[in-house]
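Given next are the chains, with one letter for each unit.
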Amino acid sequence: MTLPATLGELRRSPFTEERLGSRRVKDELRDNLVRKLRAGETVFSGVVGYDDTVVPQIVNAVLSRHNFILLGLRGQAKSRILRALTSLLDERTPYIAGCEIHDNPYSPICRRCRELVAQQGDATPIAYLSGDDRYVEKLATPDVTIADLIGDIDPIKAARTGHELGSELTVHYGLLPRANRGIFAINELPDLAGKIQVGLFNIMQEGDVQIKGYPIRLPLDVALVFSANPEDYTARGKIITPLKDRIGSEIRTHYPVNLDEGIAITTQEAWVTRDGHRLLVPKYVREVVENIAFVAREDKRIDKRSGVSQRLPISVMENVISNAERRAIRNGEDHVVPRLSDIYAAMPAITGKLELEYEGEMKGADNVAREIIRTAIARTYDLYYEGVEMRQVIQWFDLGGQIQFTDTAPTTELLQQLENIQGLLDKLGAVSVKPKDSAAVQVSAAEFVLEGLHAHKRIGRSEERVFMAGEKQPRPEKRPRREGPGEDEFFNRNRRPYN
Ligand SMILES: [Zn+2]
């Protein structure tokens, strides 16, 4: 179907004046939402974990034709949800061609368009916007000005056109008027200076604003949506009260509530499909990566007010796969299977995303990150091996056995060494790894077990990734022992009858 090119054609098309003449953006969002709900469609595709919490509240806000704000810590998909609102806009929206503020052909608000329609009538040319064209986003910062947001008097334009300063024909429009008939999203609203908030409020309330002292009338049609950190938003004096009053709904976002939801988000967002290599990410690797975020969010040394973004596990996962990819390339292997050592190699994706409290600063980002990884490993290990007997494996190390996991060692060689550790490979069934699985899969799983034992301080590991006997724990029961220091539990137990 070819779209109507003039106002006359538009009147005779499905874009009738009756339908579009007085329909506001919020009506349009509402209409399309109602249609989606009736059809049983997903309202926001690609938004995971909010089905029972955030999404119903947004649906209510849109049905109520509210301006609304999402309150949440960083990395809680706030911007993504706001952007997803474009899926509730019409596919094509007609406007008067050439209009900077996308005037409605049936009810233009700018003088240029009113004069154009008066002169040309049904011959007035029409152009179209897609839903994406109608979304304008701005990160609030303290240096945002009225000129950026609303507009400025352009003296050159005034001189050239012969119009008076302060006439709307001499205004250079800012972002908000350019979002007319669309959605305008302001992220981190509290960072906007008070004066600008007042300007915003005046536009919302009256459609009036003063630019450099000249009153300008701009009855804009915009759905305003915002995001903010909850503490900043509720802090006294950060948001002018009349503006707060005009925000119909405050909706709280949150981090994934359980590991599976976190994994689902990370799996969806992380860039994992790399060319040229078969990739298999073991489930326990995904779980450790996700647990890093969960552990960090609980860690006292990390700033609670800024939170731990979901971008952390996403970036970690990407780095983990890259490190495994690098190893596979170097060793000429076509099968990329990440291991837990790849997670330690992903430290650069962690340290920068943690806002440390004083105590954490003292300890250093690297040390905090390493401890968090270790706790995440211990938790994940317990999902599979809590209460599972590992004495035989620990004994092998206590007897002096050592094994080094290096990135340069070919996987098959490592597997041969691992076979010497009695009882280790037998335990891999718990993570669904069988003897006929590839060497890369078995090595990764075996390393998971060893890292788990290390995380629980039952075996040791050096900086060079040599697993070895752990430091001796003081024994709980005191009894005379004939063995010298360094003898292990295995012998103690076997000799007990002779004591
Ligand atoms: Zn116009």
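Our subject is the structure listed above.
Residues numbered from 1 in each chain as written. Predicted model: local features only at pLDDT ≥ 70, side-chain atom pairs only at ≥ 80, totals over all residues. Heavy atoms only, no water.

1. Observations concerning the sheet that holds strand S14 (residues 403-404)
In any sheet, the strands associate via hydrogen bonds between backbone groups, in a parallel or an antiparallel arrangement.
Part 1: Strand order in this open sheet of three strands is S14-S16-S15, and the pairing throughout is antiparallel. Unpaired on one side and paired on the other, S14 and strand S15 (459-461) mark the two borders of the sheet.
Part 2: Pairing geometry for S14 and strand S16 (residues 466-469), over two bridges, is antiparallel. Bridge pairing in S16 places isoleucine 403 opposite phenylalanine 467.
Part 3: Sheet strands in contact with helix H22 (residues 439-455) are S14, S15 and S16, and its direction is about 105 degrees off that of S15. (Pairing = 2+ DSSP bridges. Helix = DSSP H or I, 4+ residues; strand = E, 2+ residues; numbered from the N terminus. Contact = heavy atoms within 4.5 Å. Axes fitted to C-alpha atoms, helices over the stretch in contact; angles between N-to-C directions.)

2. As for the coordination of the zinc ion
Part 1: Around the zinc ion, the protein supplies Cys99 (SG), Asp103 (OD), Cys110 (SG) and Cys113 (SG) as donor atoms, at distances of 2.2 Å.
Part 2: Because the angles between the four donor atoms bound to the zinc ion fall within 96 to 128 degrees, the donor set is best described as tetrahedral.
Part 3: Within one chain, the residues serving as donors to the zinc ion are arranged as C-x3-D-x6-C-x2-C. You can see aspartate 103 sitting in the loop between strand S2 (93-96) and helix H6 (111-120) and its partner cysteine 113 sitting in helix H6, a full ten residues away along the chain. Cysteine 113 carries the same exposure label as aspartate 103, and that label is buried. (Donors = N, O, S within 2.8 Å, 3.2 Å for Na, K, Ca; no water. Tetrahedral: all angles 85-135°; square planar, octahedral: opposite > 155°, others 65-115°. Buried < 20%, exposed > 50% of the residue type's maximum accessible area, 1.4 Å probe, protein only.)

3. Observations concerning the packing of aromatic side chains
Centre-to-centre distance and the angle between the planes together describe a pair of aromatic rings.
Part 1: This model, assessed by the stated rule, comprises eight aromatic pairs.
Part 2: Relative to tyrosine 128, the ring of phenylalanine 15 has its centre 5.8 Å away and its plane inclined at 50 degrees; by these criteria the two rings are tilted. Linking phenylalanine 15 in the loop between helix H1 (7-11) and helix H2 (17-20) with tyrosine 128 in strand S3 (residues 126-129), this pair joins segments that are 113 residues apart in sequence.
Part 3: Of the residues examined, phenylalanine 15 reaches a relative accessible area of 9% and is grouped as buried.
Part 4: Taking the relative accessible area as the measure of exposure, tyrosine 128 reaches 18% and is therefore buried.
Part 5: Measuring from ring centre to ring centre gives 5.6 Å for phenylalanine 405 and phenylalanine 467, while their planes differ by 85 degrees; the resulting arrangement is edge-to-face. Taken together, the positions of phenylalanine 405 in the loop between S14 and helix H21 (411-419) and phenylalanine 467 in strand S16 put the pair 62 residues apart, joining distant regions of the chain. (Phe/Tyr/Trp six-rings, centres within 6.5 Å; stacked < 30°, edge-to-face > 60°.)

4. What to know about helix H20 (residues 391-398)
Part 1: Taken residue by residue, H20 has Val393, Ile394, Gln395, Phe397 and Asp398 as its buried positions.
Part 2: Two residues or fewer past H20, glycine 400 is found with a positive phi of approximately 105 degrees.

5. Structural notes on the sheet that holds strand S4 (residues 135-139)
Part 1: Pairing is parallel in the open sheet, where five strands are placed in the order S4-S7-S10-S1-S11. Two strands in the sheet have a free side with no partner beyond their single neighbour: S4 and strand S11 (249-252). Across this sheet, the average inter-strand angle for adjacent strands is 20 degrees, counted without regard to direction.
Part 2: Of the pairings in the sheet, the one linking S4 to strand S7 (residues 182-187) comprises five bridges and is parallel in character. Residue lysine 138 lies in a different strand from S7, and its bridge partner there is isoleucine 186.

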